[in-house]
Amino acid sequence: MEPPYAPLSESCAKALGDKVYEKRKLASQEIEKMVTEFNNKNNSAQIRKLIEVLSTDYATSRDANRRKGALIGLAAMGLGLGKDSGKYVQGLVPPIMTCLSDPDLRVRYFACESLYNVVKVARSAIIPFFPELFAALSRLVTDSDQMVKDGSELLDRLLKDIVTESSQTFNLEAFIPLLREHIYVKDAFARQYVISWISILNAVPDINMVNYLTEILDGLFVMLEDNTPEIQRMCETTISQFLKSIRNDSSSVRMEDTINTLITHAQSPNELIKSIAITWIREFVQIFGPNVLPYASGIFTAILPCLEYNVESKRSIKECAVSVNNSMMLLVSNKELKTKTVAKIDLRSIMDVLSQYLTHNSMHTKIAVLKWIHHLFTNFPNEMSEHASNLNNNLLLTLADNSDEVVLQSLSVLAEIVNSQDSRELNDFDKSHYRKFLLSLLNLFNEEKLILENRASLIIRKLCVLLNAEYIYRTFAEIIAEEPNLKFASTVVRLLNIILLTSTELFELRTSLRNISNEKSADLFQCLYKSWAHCPVSTLSLCLLAQSYQHVSHLVTLFADVEITLELLTELDKLVQLIESPIFAPLRLTLVSKANNCADAQYLAHALFGILMLLPQTEAFDTLRNRLQCVPNYWGHEPIDERNSLEYKSRIDFNALEQHFIKLQKAHREQRIVHRKRSVITPESN
């Protein structure tokens, strides 16, 4: 009858389960010799029987010493079988794998040692067990016992060597899901373990890990959040290796999925993650060119907030974001690829993102957004037309920004929108888009007094450069003529008047108004006059500019019926200063001109004397009086023939304009009376 543990002898079986390690070791040596003999005789039945005994009677025993005996015995079998152990790995490995999770730390340690010995001789035959081995080792590297950790690390290094050697037979596709499952672990040791495997596999020439980058890239970025410097270093190095591989050969990367991962992590609050993600985006834009355009909205979401960074620690992130932004602009403006670009780019999603960042706190971000909107309208005017109406309100609000650069850029965009909406050349003034836009602008001035006070002058001057200055002034005048709020109307007129008289941008418009004998100029003058009449001094200024000196001399006499307020006297003071400025040099020369039989000179002198009589004896009074004292007195001896004046030659109905002025000033006077009554009544009603 065979011993109960055959082919083990009774003494060997007993020693194998002994609590003393040396006795178990002696038993294992006997097993090794026995297995060697069996193998030499090709007695596979006895070998399998011995594996069965160790697996069933020892490895699953409740006695920890017997489990340890099973482990040392199985290791001895592997050593005894040598290169033939690969034939029996299906029996040798599973019981050892089970013991890797044993509650007894000594059993776990001996399991690592046993498996190491089996793997060392089995080599590539162990590959089918790789998924189970990987999962088991990922637990062991986090073991509470240092000896178990050390044992698992030795086994891990051996396993990496074997996988590297057997790269052609290694089933990477089966391994990737397992890797993806373990890549989100939190434990630092487990993270190091996972990163090391990714790095090793990526370094093997026969394995193309870039094919599976989308499966693991997100997890690698997540690991970068780890506070352990070594993990950060390993992870950063591994990610850099992947990027280097993509630079060399981008054919394997799934750009669509990868760039979405990058966009997500580029928005991370972690500076390291953000920096690496944006660096990748920059490289992808360079490598894949127009193919990244469908993801433009996501890229903008990632880079636009980075443009505000000013601290030294974030400078590289900002520089990288600026580089991405510039490269994207070049892609969009590539004329050779314009047709393809329109097809690839999703303008709706892009405009949603740009509109969102239009209210960002950063000046640099807002400027970049405005430049992008301008760029899109320039390159895709037809496609962008549907977004114009939604943009106008947001763009108007940016005019209140503290930065002049933001305001100017916003005006460039608004002007481009207006131009793109109606690019046809019109002989007659029929610019409905101008009116709609300028009406919105005036409403903004009316609602936001700070914009009116601090930004309106800059806005109007810039618009006169970007758009047609005459159209701008005509449209403003037409809108103001219908404005029910007379006080606001007069405020805007003063503003428009001072810009007209002093701004270098309006030189051509001033030149046009000086020649009212021209039908077009006369029409412009009358259009402006109807609104300028809201403000008496502005009306005088306009008429002086247009060389309507006879009308000015009549208007001055009407000031007897105009309430002389401090505000009006201040305006007259400024008018005197303007008369002394280079802009009114032609006016001063008219005082000594004999042209038109001296008619214009005499009417002008009468007008200026009238203004002098309105002024109190201030510095402005002295300035104007001194000027008039220089006027020669060689006219006035003969009656003035009004037909010789420029005003008469213009064929403008100045009587009608005068009546309009009187009517409008009467309305102002009545409205002031109403307001004064209300200011008295209101406190009592409270």
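Residues numbered from 1 in each chain as written. Predicted model: local features only at pLDDT ≥ 70, side-chain atom pairs only at ≥ 80, totals over all residues. Heavy atoms only, no water.

1. Brief notes about the overall build of the chain
Now for step 1: From N to C terminus, the chain includes 37 helices and zero strands.
Now for step 2: Seen along its three principal axes, the alpha-carbon backbone of the chain occupies a region of about 155 × 65 × 40 Å.
Now for step 3: Put simply, the chain has 686 residues, and 52% of those count as buried.
Now for step 4: Across the chain, the fraction of contacts at a sequence separation of at least 24, relative to all contacts at a separation of at least 6, is 73%.
Now for step 5: For the chain, the exposed surface amounts to about 32200 Å²; the carbon and sulfur share of it is 48%.
Now for step 6: Side chains of the chain carry 72 positive and 81 negative charges; the gap between the two charge centres is 2 Å. (Helix = DSSP H or I, 4+ residues; strand = E, 2+ residues; numbered from the N terminus. Buried < 20%, exposed > 50% of the residue type's maximum accessible area, 1.4 Å probe, protein only. Contact = heavy atoms within 4.5 Å. Areas by Shrake-Rupley, 256 points an atom, 1.4 Å probe, with all protein chains shown as cover. Lys, Arg positive; Asp, Glu negative; His and termini not counted. Charge placed at Lys NZ, Arg CZ, Asp CG, Glu CD.)

2. Looking at the packing of helix α30 (residues 536–545) against helix α31 (residues 549–558)
Now for step 1: At their nearest, the axes of α30 and α31 sit 8 Å apart, and the two run at 160 degrees to each other. One finds that α30 runs roughly antiparallel with respect to α31. The two elements α30 and α31 meet at a crossing, and its hand is left-handed. Of the residues in α31, those in contact with Thr539, Leu540, Cys543 and Leu544 of α30 are Tyr549, His551, Val552, Leu555 and Val556. (Axes fitted to C-alpha atoms, helices over the stretch in contact; angles between N-to-C directions. Parallel < 35°, antiparallel > 145°, perpendicular 65-115°, else oblique. Left-handed = near helix turned anticlockwise from the far one by under 90°.)

3. Thoughts on the packing of helix α11 (residues 213–223) against helix α13 (residues 255–265)
Now for step 1: Where α11 contacts α13, the axes come no closer than 9 Å and their chain directions differ by 10 degrees. As judged from the angle between their axes, α11 and α13 are roughly parallel. Touching Leu213, Thr214, Leu217, Asp218, Phe221 and Val222 of α11 are Asp257, Thr258, Thr261, Leu262 and His265, all from α13.
Now for step 2: Of the residues assigned to the contact of α11 with α13, the class counts are five nonpolar, four polar and two charged. (Nonpolar A, V, L, I, M, F, W, Y, C, P; charged D, E, K, R; others polar.)

4. A look at the environment of Glu153
Now for step 1: With respect to the helices, strands and loops of the structure, Glu153 is situated in helix α8 (residues 146–165).
Now for step 2: Distance from Glu153 to Tyr193, taken between C-alpha atoms, is 9.0 Å for residues 40 residues apart in sequence.

5. Examining helix α34 (residues 599–614)
Now for step 1: Taking 1.5 Å per residue, 16 residues should reach 22 Å; α34 reaches 23 Å between its end C-alpha atoms and fits that length.
Now for step 2: Along α34, the residues that are buried comprise Ala599, Asp600, Ala601, Gln602, Tyr603, Leu604, Ala605, Ala607, Leu608, Gly610, Ile611 and Leu612. (Expected span 1.5 Å × (residues − 1).)

6. Here we look at the pattern of salt bridges
Once the charged atoms of two side chains with opposite charge are near each other, the side chains can pair.
Now for step 1: This model, assessed by the stated rule, comprises 29 salt bridges.
Now for step 2: With a closest N to O distance of 3.1 Å, Glu283 and Arg247 form a salt bridge. Of the two residues, Glu283 sits in helix α14 (residues 271–288) while Arg247 sits in helix α12 (residues 229–248), which places them 36 residues apart along the sequence.
Now for step 3: Relative accessible area serves as the criterion here: at 15%, Glu283 is assigned to the buried category.
Now for step 4: By relative accessible area, which is 45% here, Arg247 ends up partly exposed.
Now for step 5: Across the pair Lys366 and Asp401 runs a salt bridge, and its minimum N-O distance is 2.3 Å. Here the residue Lys366 occupies a position in helix α19 (residues 363–379), and Asp401 occupies one in the loop between α21 (388–398) and α22 (404–421), the gap between them amounting to 35 residues. Like Lys366, the residue Asp401 is buried in the burial classification. (Salt bridge = Lys/Arg side-chain N within 4 Å of Asp/Glu carboxyl O.)

7. Overview of unusual backbone geometry
Now for step 1: Cis geometry marks the peptide bond from Ala6 to Pro7; its omega dihedral reads 10 degrees.
Now for step 2: Relative to the elements of secondary structure, Pro7 occurs in the segment before α1 (10–16).
Now for step 3: Positive phi, normally seen in glycine, also occurs at Asn42, with a value near 55 degrees.
Now for step 4: Position of Asn42 among the secondary structure elements: in the loop between α2 (21–40) and α3 (44–58).
Now for step 5: Unusually for a residue other than glycine, Gln547 sits at a positive phi of about 60 degrees.
Now for step 6: Within the fold, Gln547 resides in the loop between α30 and α31.

8. Considering the packing of aromatic side chains
Now for step 1: Scanning the entire structure with this criterion turns up 18 aromatic pairs.
Now for step 2: Through a chain of ring-to-ring contacts, the aromatic side chains of Phe130, Phe134, Phe170, Phe175, Tyr193 and Trp197 assemble into a single cluster.
Now for step 3: Seen from the ring of Tyr58, Arg66 lies directly overhead, with NZ or CZ sitting 4.2 Å from the centre. (Phe/Tyr/Trp six-rings, centres within 6.5 Å; stacked < 30°, edge-to-face > 60°. Lys NZ or Arg CZ within 6 Å of the ring centre and 35° of its normal.)

9. Concerning the nonpolar core
Now for step 1: By size, the foremost hydrophobic cluster in this structure holds 244 residues, and its most contacted members are Leu8, Trp280, Leu376, Tyr473 and Phe525.
Now for step 2: In this structure, Trp280 is in contact with Leu213, Leu217, Ile239, Phe242, Leu243, Ile246, Thr258 and Leu262, ignoring residues within four places of it in sequence. (Core = buried A, V, L, I, M, F, W, Y, C linked by side-chain atoms within 4.5 Å.)

10. What to know about helix α23 (residues 432–447)
Now for step 1: An ideal rise of 1.5 Å per residue puts 22 Å on 16 residues; α23 measures up with 23 Å between its terminal C-alpha atoms.
Now for step 2: All buried positions along α23 are accounted for by Tyr434, Phe437, Leu438, Leu441, Leu442, Leu444 and Phe445. On an axial view of α23, the arc spanned by its buried residues comes to 155 degrees, and they lie on one face. Turned more than 90 degrees away from the buried face of α23, the exposed residues are Lys436 and Glu447. (Arc of directions from axis to C-beta.)

11. As for the confidence of the model for the chain
Now for step 1: Of all residues in the chain, 95% attain a pLDDT of 70 or more, and the chain-wide mean is 89.
Now for step 2: Residue range residues 424–430 is modelled with pLDDT below 50. Its contacts to residues more than four positions away, or to other chains, number eight contacts. (pLDDT = per-residue confidence, 0-100.)

12. Describing the side chain of Lys160
Now for step 1: Counting through the fold element by element, Lys160 comes out in helix α8.
Now for step 2: Look at Lys160 and you get buried, because its relative accessible area is 11%.

13. Regarding the environment of Lys149
Now for step 1: Along the chain, Lys149 falls in helix α8.
Now for step 2: Look at Lys149 and you get buried, because its relative accessible area is 11%.
Now for step 3: Each C-alpha atom of the pair Lys149 and Glu405 lies 61 Å from the other, and the pair is 256 residues apart in sequence.
Now for step 4: Beyond its immediate chain neighbours, meaning those up to four positions away, Lys149 contacts Leu140, Val141, Thr142, Asp143 and Phe189.

14. A closer look at the state of the cysteines
Now for step 1: Within the structure shown, the criterion is met by zero disulfides.
Now for step 2: In this model Cys112 remains outside any disulfide bridge; the closest cysteine sulfur is found in Cys99, 11 Å from its own.
Now for step 3: Taking the relative accessible area as the measure of exposure, Cys112 reaches 1% and is therefore buried.
Now for step 4: Cys543 takes part in no disulfide bond, and the closest cysteine sulfur to it belongs to Cys535, at a distance of 12 Å.
Now for step 5: Cys543 gets classed as buried once you look at its relative accessible area, which sits at 0%. (Disulfide = S-S within 2.5 Å.)

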